[in-house]
Amino acid sequence: VQLQACGGGLVQAGGSLRLSCAASGRTVSNYAMGWFRQGPGKEREFVAAIKQSGGSTYYADSVKGRFTISRDNAKNTGYLQMNGLKPEDTAVYYCAADALIATLRWDKLERISSWGQGTQLTVSS
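Residues numbered from 1 in each chain as written. Predicted model: local features only at pLDDT ≥ 70, side-chain atom pairs only at ≥ 80, totals over all residues. Heavy atoms only, no water.

Q: Help me understand the overall build of the chain, please; the structure alone is not making it clear to me.
A: What the chain contains, in helices and strands, is one helix and eleven strands. In sequence order, the secondary structure elements of the chain are arranged as β-β-β-β-β-β-β-β-β-α-β-β. Relative to its length of 125 residues, the chain is compact, with a C-alpha radius of gyration of 13 Å against a globular reference of 14 Å. Considered along the principal axes of its C-alpha atoms, the chain spans approximately 40 × 30 × 25 Å. Contacts spanning at least 24 positions in sequence make up 58% of the contacts within the chain whose residues lie at least 6 apart. Accessible surface for the chain amounts to roughly 6300 Å². Of this, 46% is attributable to carbon and sulfur atoms. Of the charged side chains in the chain, 14 are positive and 9 negative, and the gap between their average positions amounts to 5 Å. (Helix = DSSP H or I, 4+ residues; strand = E, 2+ residues; numbered from the N terminus. Rg over C-alpha atoms; globule rule 2.2 N^0.38 Å. Contact = heavy atoms within 4.5 Å. Areas by Shrake-Rupley, 256 points an atom, 1.4 Å probe, with all protein chains shown as cover. Lys, Arg positive; Asp, Glu negative; His and termini not counted. Charge placed at Lys NZ, Arg CZ, Asp CG, Glu CD.)

Next comes the structure, spelled out in structure tokens:
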């Protein structure tokens with residue numbers, strides 16, 4: 001499945017932004033979707049993931065309560081709603097997809113089957 005992320009930008013601390021991840025190529029509803037981010041000088045890290053049906057979601061502790069992952073399988077699109085943004089949220093955000101939610105949550109990044117290009121989020125203080 002091919003993924004394309006968009007929606008990044010420059011936001012003040014405390015603000016909100018929604019990222020989108022458009023999927024194509026295969027039946028998107030067969031894939032769990034996730035978001036990762038890579039801050040300056042840091043390794044890429046897990047942010048959130050959602051199961052194929054959208055019934056279960058998972059979050060990194062650092063974003064829990066502020067970020068919401070969702071998906072619309074009819075539109076082949078995943079979303080990451082980000083509220084209460086902090087300067088430490090500044091990063092390039094990547095969407096990803098895999099047949100197994102566990103791969104998104106726990107496995108090595110190179111084992112994830114599909115990645116979108118990154119979209120930059122900058123949060124100013």
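Q: Would you explain the side chain of Ser114 in this entry?
A: Mapping Ser114 onto the fold places it in strand β10 (residues 114-117). Within polar-contact distance, the side chain of Ser114 engages the backbone oxygen of Val1 at 3.0 Å. Contacts of Ser114, omitting those with residues within four sequence positions, involve Val1, Leu3, Cys95, Ala96 and Ala97. (Polar contact = N/O pair within 3.5 Å; in protein donor to acceptor, adjacent residues only side chain to side chain.)

Q: I tried to follow the nonpolar core on my own but got confused; where do I start?
A: Within soluble globular proteins, side chains that are nonpolar generally end up buried alongside one another. In this structure, Trp35, Leu80, Met82 and Tyr93 are the most contacted members of the largest nonpolar core, which totals 38 residues. Setting aside residues no more than four positions away along its own chain, Leu80 makes contact with Leu17, Arg18, Leu19, Trp35, Val47, Ala48, Phe67, Thr68, Ile69 and Tyr93. (Core = buried A, V, L, I, M, F, W, Y, C linked by side-chain atoms within 4.5 Å. Buried < 20%, exposed > 50% of the residue type's maximum accessible area, 1.4 Å probe, protein only.)

Q: Looking at this model, I keep getting lost on the state of the cysteines. Mind explaining?
A: Two cysteines whose sulfur atoms are joined by a covalent bond form what is called a disulfide. One pass over the structure, following the stated rule, counts one disulfide. The side chain of Cys21 participates in a disulfide bridge whose partner is Cys95; the two sulfur atoms lie 2.2 Å from each other. Across the disulfide from Cys21 to Cys95, rotation about the S-S bond amounts to roughly 65°, and the bridge is consequently right-handed. Here Cys95 lies in strand β9 (residues 91-98) and Cys21 lies in strand β3 (residues 17-24), a separation of 74 residues in the sequence. (Disulfide = S-S within 2.5 Å.)

Q: Explanation requested: the pairing of β9 in the structure shown.
A: Side-chain positions along a regular strand alternate between the two faces of the sheet. Burial analysis of β9 places seven of its eight residues in the buried class, which makes it a mostly covered element. Pairing geometry for strand β4 (residues 32-38) and β9, over seven bridges, is antiparallel. The residue bridging Gln38 from the neighbouring strand is Val92, located in β9. Inspection of the sheet shows β9 paired to strand β11 (residues 119-124) by three bridges, in the antiparallel sense. In the sheet register, Val92 faces β11, and the bridge partner there is Gln120. Of the strand pairs in this sheet, β9 and β10 are connected by two bridges, and their pairing is antiparallel. In the strand pairing of β10, Ala97 is matched with Ser114. (Pairing = 2+ DSSP bridges.)

Q: It is not clear to me how the packing of aromatic side chains should be interpreted in this structure. Could you clarify?
A: The full count for this structure, using the stated rule, is three aromatic pairs. With a centroid separation of 5.7 Å and 80° between ring planes, the pair formed by Phe36 and Phe46 is classed as edge-to-face. Of this pair, Phe36 sits in strand β4 while Phe46 sits in strand β5 (residues 45-50), placing them ten residues apart in sequence. Site record: aromatic cluster; members linked through ring pairs are Phe36, Phe46, Tyr94 and Trp115. (Phe/Tyr/Trp six-rings, centres within 6.5 Å; stacked < 30°, edge-to-face > 60°.)

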